[in-house]
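# Coordinate analysis (summary)
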Amino acid sequence: MSQSTVRLNPSPTKKIVVALLIAAAAAGGAAVWWSSARHAEEGKAPADGASFPWSGEAAKPANPLADMKLTPEEADRQQRAAAEAARRQVGAAELTGPVKERPEFVSQLEWAVLQQASQRAPDPSRELTRLINNLRFMKHLDEWRALAGGDAKQRQAVAAQLLATVPARVAAGEMSKADAQQLQAQLLADLVADPNERARRAEEEGRLLVEPPKPAA
């Protein structure tokens, strides 16, 4: 997962597109999301084979902004507020139980999308929690990338948060072990100056990655 692949949308307006694309994680995992988010940023269609919870015209929802009576300006404001709330989540633990109310770092639009996506899973409550954790992870990844060349202390704090939650993303099937190891290496480059210590930490962090079992053929 190169720097060119792990790309999130810096514009809150474009994040609305990503909020819709994240629902693909429910069907195809983070590999689909990474590709979809990258193509959304580039203004292209998702990669061939990307699987979405809604497929076909009959299942495709109407314009979510119109359904929620949100103007693009209001949606943009809400996305910005949710992103700011996500920044305050740096250092917070993963959510583990059922999520009954919309977290502050999840916008109304994102909440609606994730609720819809989770309903297609065998255990909707558990799936909603997973999707919310994944969304927060992606917002932190977005912030970490945006801080390149900026506040080094804050970037390190976000890098430490991401590093701590990468294993959960792999265990949930949202990221491949190979992609996770590459991301770990990028994060450790921010956190550990000494090359030998960084290599030791990379090996240590890599051992924490446990891939989910593959479904039977």
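Described below are features of the structure shown in this document. (Residues numbered from 1 in each chain as written. Predicted model: local features only at pLDDT ≥ 70, side-chain atom pairs only at ≥ 80, totals over all residues. Heavy atoms only, no water.)

By volume, the largest pocket amounts to about 320 Å³. Element by element, the count of residues in the lining of the largest pocket is highest for helix α7 (residues 124–146), at five residues. A breakdown of the residues in the lining of the largest pocket according to their chemical character gives five nonpolar, four polar and seven charged. (1 Å grid on protein atoms, 1.4 Å probe; cavity = no way out; pocket = protein on both sides within 12 Å on 5 of 7 lines; lining within 4 Å. Points joined across faces, edges and corners; volume = space filled by probe spheres on them. Helix = DSSP H or I, 4+ residues; strand = E, 2+ residues; numbered from the N terminus. Nonpolar A, V, L, I, M, F, W, Y, C, P; charged D, E, K, R; others polar.)

Right, let's get into the nonpolar core. Within the largest apolar cluster, 30 residues are counted, with the highest numbers of intra-cluster contacts made by Ile 132, Phe 137, Trp 144, Leu 162, Val 166, Leu 183 and Leu 187. Among the elements that make up this core, the one with the highest residue count is α7 (eight residues). (Core = buried A, V, L, I, M, F, W, Y, C linked by side-chain atoms within 4.5 Å. Buried < 20%, exposed > 50% of the residue type's maximum accessible area, 1.4 Å probe, protein only.)

One way to put it is that helix α5 (residues 72–87) packs onto α7 with a least axis distance of 10 Å and a crossing angle of 85 degrees. Taken as axis vectors, α5 and α7 run roughly perpendicular relative to one another. Residues Ala 82, Ala 83, Ala 86 and Arg 87 of α5 lie in contact with α7, whose contacting residues are Lys 139, His 140 and Glu 143. For the contact of α5 with α7, the class distribution of residues is three nonpolar, one polar and three charged. (Axes fitted to C-alpha atoms, helices over the stretch in contact; angles between N-to-C directions. Parallel < 35°, antiparallel > 145°, perpendicular 65-115°, else oblique. Contact = heavy atoms within 4.5 Å.)

Now for the packing of α5 against helix α6 (residues 108–118). With their axes 8 Å apart at the nearest point, α5 and α6 run at an angle of 85 degrees to one another. Looking at the two axes, α5 sits roughly perpendicular to α6. Facing α5, whose interface residues are Gln 78, Gln 79 and Ala 82, α6 presents Gln 108, Leu 109 and Glu 110. Among the residues making up the contact of α5 with α6, the classes are represented as two nonpolar, three polar and one charged.

Right, let's get into the environment of Val 170. In this fold, Val 170 is placed in helix α8 (residues 152–171). In sequence terms Val 170 and Leu 208 are 38 residues apart; their C-alpha atoms lie 9.6 Å from each other. Val 170 has contacts with Met 175, Ser 176, Lys 177, Ala 180, Leu 209, Val 210, Glu 211 and Pro 212, leaving out every residue within four places of it along the chain.

On to the side chain of Ser 118, then. Relative to the helices and strands, Ser 118 resides in helix α6. Using a relative accessible area of 1% as the deciding quantity, one classes Ser 118 as buried. Engagement of the side chain of Ser 118 in a polar contact is seen with the backbone oxygen of Gln 115, the distance being 2.9 Å. When near neighbours in sequence (up to four residues on either side) are disregarded, Ser 118 contacts Pro 124, Glu 127, Leu 128 and Leu 131. (Polar contact = N/O pair within 3.5 Å; in protein donor to acceptor, adjacent residues only side chain to side chain.)

With that settled, consider α7. Its 23 residues give α7 an end-to-end C-alpha distance of 33 Å, which sits within 8% of 33 Å, the value for a rise of 1.5 Å per residue. Counting buried positions along α7 yields 18 of 23 residues, so the element is predominantly enclosed. (Expected span 1.5 Å × (residues − 1).)

Once that is clear, we can look at the pattern of salt bridges. Following the criterion strictly, the structure yields 17 salt bridges and no others. As a salt-bridge pair, Arg 130 and Glu 127 come within 2.7 Å of each other at their nearest N and O atoms. Taken as a pair, Arg 130 and Glu 127 lie in helix α7 at a separation of three residues, close to a single helical turn. Judged by its relative accessible area of 11%, Glu 127 is buried. The partner of Asp 190 in a salt bridge is Arg 155, and the shortest N-O contact between them spans 2.4 Å. Of the two residues, Asp 190 sits in helix α9 (residues 177–191) while Arg 155 sits in helix α8, which places them 35 residues apart along the sequence. Residue classification places Arg 155 among the buried residues on the basis of a relative accessible area of 14%. What you see here is one network of salt bridges that share partners, running through Glu 84, Arg 87, Arg 88, Glu 104 and Glu 143. (Salt bridge = Lys/Arg side-chain N within 4 Å of Asp/Glu carboxyl O.)

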